[in-house]
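# Notes for the structure review
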Amino acid sequence: MQLITCPHCGPRAQAEFEFDRAVESVLALDATEAEAVARLYRRENPKGWSWELWRHSAGCGVFLKLHRHTVTHEIAEVSLLDAAP
Amino acid sequence: MTGSRTHQGGIIDRNKTISFTFDGKRYQGHPGDTLASALLAQGVVLFGRSFKYHRPRGVMSAGVEEPNALVGVGTGGRYEPNTRATDLFIYEGLVAESQNRWPSLSFDLGAVIGLFGRFVPAGFYYKAFLGKPGLWKFYEYFIRRAAGLGQPPVEPDPDSYEHRAAFCDVLVVGAGPAGLAAALSASALGERVMLVEQDLVLGGGLIRDADSMEGLPAQAWITKALATLTERGVRILNRTTAIGYWDHDLLTLAQKLVEPGQAPEDGQAAQRLWRVRAKKVVLATGALERPLPFAGNDKPGVMLAQAVRTYVNRFGLTPGAKAVIATCTDDAYKTAFALADAGCEIVAILDSRSESPSEIVKAAVARFKVRFDTQILEAAGGPGGLTGITAEAGGQKLQLSCDLVAASGGFSPVAHLHMQAGGTLSWDEANGAFAPKTSRQNQVTVGAASGVDEANTSASGLTPPKAVDTKHSFVDFQNDVTLADIDLAWQEGYRSVEHVKRYTTLGMATDQGKTSNIVGLARLAALEGRPVPHVGLTTFRPPYTPTTLGLLAGHATGKHLAVIRRPPLFDLHTEQNPLWLPSGYWMRPRAYPRNAETLHAAALREARTVRQGVGWVDVSTLGKFEVAGPDAAAFLERVCATTVAKLAVGRGRYSFMLREDGIVMDDGTVWRIGPERYLLTSSTGGADRMSHHLAYVRQVLAPEMRVAIANVQEHWTGIAVAGPKAKTLLAQLAPDLDIPRHMSVARSQIAGVPVLILAASYSGERAFEIYAAGKDIVPVWQAIATQGTDHGGCAYGLEALEILRIEKGHVVVGGEIDGRTTPHDLGLDRMLNPKATYVGAPALQRPDLQSSAGRLRMVGLESETPIPEGSMLVSSIPGTPQGHVTGAGQRILEDGYVALAFLRDGSERLGEHLVAWSPSRGAKAPVSVVDPVFYDHEGARYRD
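The structure contained in this document is the topic of the report that follows.

Here is what the cut-offs are and how they apply
- Residues numbered from 1 in each chain as written.
- Chains lettered and ligands numbered in written order.
- Predicted model: local features only at pLDDT ≥ 70, side-chain atom pairs only at ≥ 80, totals over all residues.
- Heavy atoms only, no water.
- Disulfide = S-S within 2.5 Å.
- Buried < 20%, exposed > 50% of the residue type's maximum accessible area, 1.4 Å probe, protein only.
- Salt bridge = Lys/Arg side-chain N within 4 Å of Asp/Glu carboxyl O.
- Helix = DSSP H or I, 4+ residues; strand = E, 2+ residues; numbered from the N terminus.
- Contact = heavy atoms within 4.5 Å.
- Buried area = accessible area lost by both parts, 1.4 Å probe.
- Polar contact = N/O pair within 3.5 Å; in protein donor to acceptor, adjacent residues only side chain to side chain.
- Nonpolar A, V, L, I, M, F, W, Y, C, P; charged D, E, K, R; others polar.
- Pairing = 2+ DSSP bridges.
- Axes fitted to C-alpha atoms, helices over the stretch in contact; angles between N-to-C directions.

### Considering the state of the cysteines
Residue and element names in this part refer to chain A. Throughout the structure, instances matching the rule amount to zero disulfides over all chains. Sulfur of Cys-60: no disulfide; nearest cysteine sulfur belongs to Cys-9 and is 3.7 Å away. Owing to a relative accessible area of 36%, Cys-60 belongs among the partly exposed residues under this scheme.

### Quick notes on the pattern of salt bridges
Residues and elements named next belong to chain B. This structure, assessed with the given rule, holds 48 salt bridges over all chains. The closest approach of N and O atoms between Asp-87 and Arg-84, which form a salt bridge, is 3.0 Å. Exposure remark for Asp-87: the relative accessible area of 7% places this residue in the buried category. The class for Arg-84 is buried, based on a relative accessible area of 8%. Between Lys-256 and Asp-87 there is a salt bridge whose closest N-O contact spans 3.9 Å. Separated by 169 residues along the polypeptide, Lys-256 in strand S15 (residues 250-256) and Asp-87 in the loop between strand S7 (80-84) and strand S8 (95-98) bring together distant segments of the chain.

### Concerning the interface of chain B and chain A
Counting from both sides, the interface comprises 25 residues of chain B and, opposite them, 33 residues of chain A. When the two sides are added together, the surface that chain B and chain A hide from each other amounts to roughly 2400 Å², 57% of it contributed by carbon and sulfur. The three residues of chain B that bury the most area against chain A are His-248, His-692 and Pro-842 of chain B, which together make up 24% of that side's buried surface. Applying the counting criterion to the chain B and chain A interface returns one salt bridge. Inspection of the region where chain B meets chain A yields 12 residue pairs in polar contact (both at pLDDT 80 or more). Among the elements that line the side of chain B that touches chain A, the one with the most residues is helix H20 (residues 687-701) of chain B, at seven residues. Here the side of chain B that touches chain A is built from residues that sort into 12 nonpolar, six polar and seven charged.

### Considerations on the sheet that holds strand S2 (residues 18-22) of chain B
Residues and elements named next belong to chain B. Ordered in space as S3-S2-S8-S6-S7, the five strands form an open sheet in which the pairing is mixed. Unpaired on one side and paired on the other, strand S3 (25-29) and S7 mark the two borders of the sheet. Adjacent strand axes in the sheet meet at a mean angle of 40° when their direction is disregarded. Note: strand S6 (residues 70-73) against S8, three bridges, orientation antiparallel. Across the sheet, residue Gly-72 finds its bridge partner in S8, namely Glu-97.

### Remarks on the environment of Ala-254 of chain B
Residue and element names in this part refer to chain B. Here Ala-254 shows up in strand S15. Between the alpha carbons of Ala-254 and Arg-239 there is a distance of 8.2 Å; along the sequence they are 15 residues apart. Not counting residues within four places of it along the chain, the set of residues in contact with Ala-254 comprises Arg-239, Thr-240, Thr-241, Ile-243, Arg-272 and Leu-551.

Shown next as structure tokens:
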């Protein structure tokens, strides 16, 4: 059970959060078809550091950007979304 | 081997006696005794039969690593199989039995396998039954009877199990000298400390060795340490095993509040699972002694040297009268002195090392017969105990008579938690042991767990004598894996340690190879001529020791497995004694049968009432979201795939939402309830997903929009009133109301309760959804029921709802919207917003999603016989499936059966004749492919 430090709520157990998607696969509403295919189906599946979108669903509900290691589960950074990525 | 109690010594309470039974026979022991020590003290030698060969087995160890002495304990639902007799403290009334023997432990028919020497080698089952599936089916019954451990209990477990969370600055695992010292120094600094110990008593190796510490006798020092720790507020948990080390310094602890099979006091839990988040973790988990590889090393009477010392010093008993010590470590010499002091004859000490200058060896040479460069080849004996051993020294054989062998093959630091935490190990060639090297998490390892004292041990215990009989030299005692099995696996080309493990089952028993893994690895390394670390290690997986499923489940059993949500009208429904159906987390009425009606008859009567008069249904659980703000319409055009912006105030429309990949996610209605206020509904089961999706669009995709979202699913509770008489009924209920036309919003009062009315139809009849705030809905339902009954109406449930919507050709989430269908597949593509501003629009441009060729498209099916739900569509039986039925029903007012289905290229195949076939139900129906709207195609009935 990972410990994620929500910028609003402080350190909370992973059970309060929901993994949403890799930041890379966020698709802008005006994306092209090719971009949609690339982001949805041809994205990286990194063994190592990864930028991920999580949501503190059972807490304040905010979406967060995590820099997380997919093997060691180290979390280097948790930040709020400033603008559309 | 005949064990007996010594006259004094140990930390058992000799003033009190506990009586228990083993295999039906009554025995006595003292508080502080394990089942193993109590039985050993009364001369019991044979504890069980082995997994595969039914070899007689006694006690090997004095701790959780025990692979041999496994018993079933308790009765009825409290029966626990495969419990280690060495990790089970006796209590009054304990009932234990041996396992894997028939008809009895002393006369076991399965042991004939062993008598004939027909050992089943590694991979036997794979080879014997490869390509002969019929043969396996025939033999499986006998093989499963012959091989195995204990039987699981069949009755439900009567006990309860608790889960608890805790936090601390320092968590110390293991209360031996190193763990106690760590807890003392951490608590001296004012840290919040937790100390956990799997044993009943604290002290670890101090109790076994009865050494002195800081000038005090072991027991006195432990007592003093315990007093200091208690005074400093350290939380000390005994009988508590740290079973798992997870991410970010979270550990799970399994605490036994009573012993296995023991009934807790009324209202008390049997076990407790702790989740502890620690700032720092100190692992003081000690080291485990390894057995020596020689023929018959599994026989009753062959024990680990430290375990023998534990029985002497802690439990006040000698497991035998004439002992041979076989060792590659100095540590086993302590056992020789302890045994001799307890009155046991030391026949010889056989040391595989050359003469050593260490003090204890010199002292032993002066007192006992010590032979260096000598290894045991074979132990002789049977179910009754050992008779002697054969050893080898410089090519010379040596026979010794004895009833106990205390063997020490070196030590393996307990690095399980360290490895679960992501640490690394380094190989200590001199001692033949892996020890913790680097840590990933905030954790240190101390004491014997951090490495073996170099001066006192040797790796020579990992190398068996050349002349050894490998077929009878056991490596993994619990799974009956011998040196010969590992050799065979290697000869057959297995190189990866993970493959050898699975092929031979080395280390795969419930002890997870605590005593066997390193011995097996060393054998593999020797065969390959490579150092042990190059062979690799298998993964250390939690739990460290076997854990009951009840502990993991905690309270989440039976009706507590998942939450049940009761809608506000639940009590009113209950009065009508409906059939219930869980829908998402909600309990919803499926039908309201009258006079012993079947579900089907009740649903059909209810549906007919809706078609001919009026019916009302609880729709409280629908997902509902209020979206407000200057950009609310623009926001909804991101979420909904249909147009929203043109909606006039007070009007609503059907809509659906897509996932980012262009597949339909959910559907519902969107209502403009104010100039900048909208109400969006979704399916009951999809409400949580929709809530997340709205937040995603709001926060991630359109953060610039001025819009607020409120999840009002449980705020608005609702009733749908449907049927040709619905309008009349509503006019009576709300006399001042200007009845809203189809897809319009109105506000009024019914039974004095303010209500929001949405004129929407799911059934195909004129209908109104009437919403009120929470429990306020109750009088509204009562008013509708009272006046509606006068019109010949009735309440209807989900089953009638289903028949009605199928006949009308409406899709449902979970039925037609199944995570694979596009708007085109569902025939909804004409409703798509041409501006394509919605989520899913980019991916929906993919040619494969646009073209209908080869895709499953929604169609209707008609038949004169019932169409099996979930059946496949074929041209003839048997045939290649061309589609499937998603919702089957019937014509409500006429004869005939109808269904919604998906058929390849379906929309171009109207008029075809197919068969709906369900081989699993043995049902079929000839069907014709038609348009999916079976009733009121023009939609005349729900408009005024």
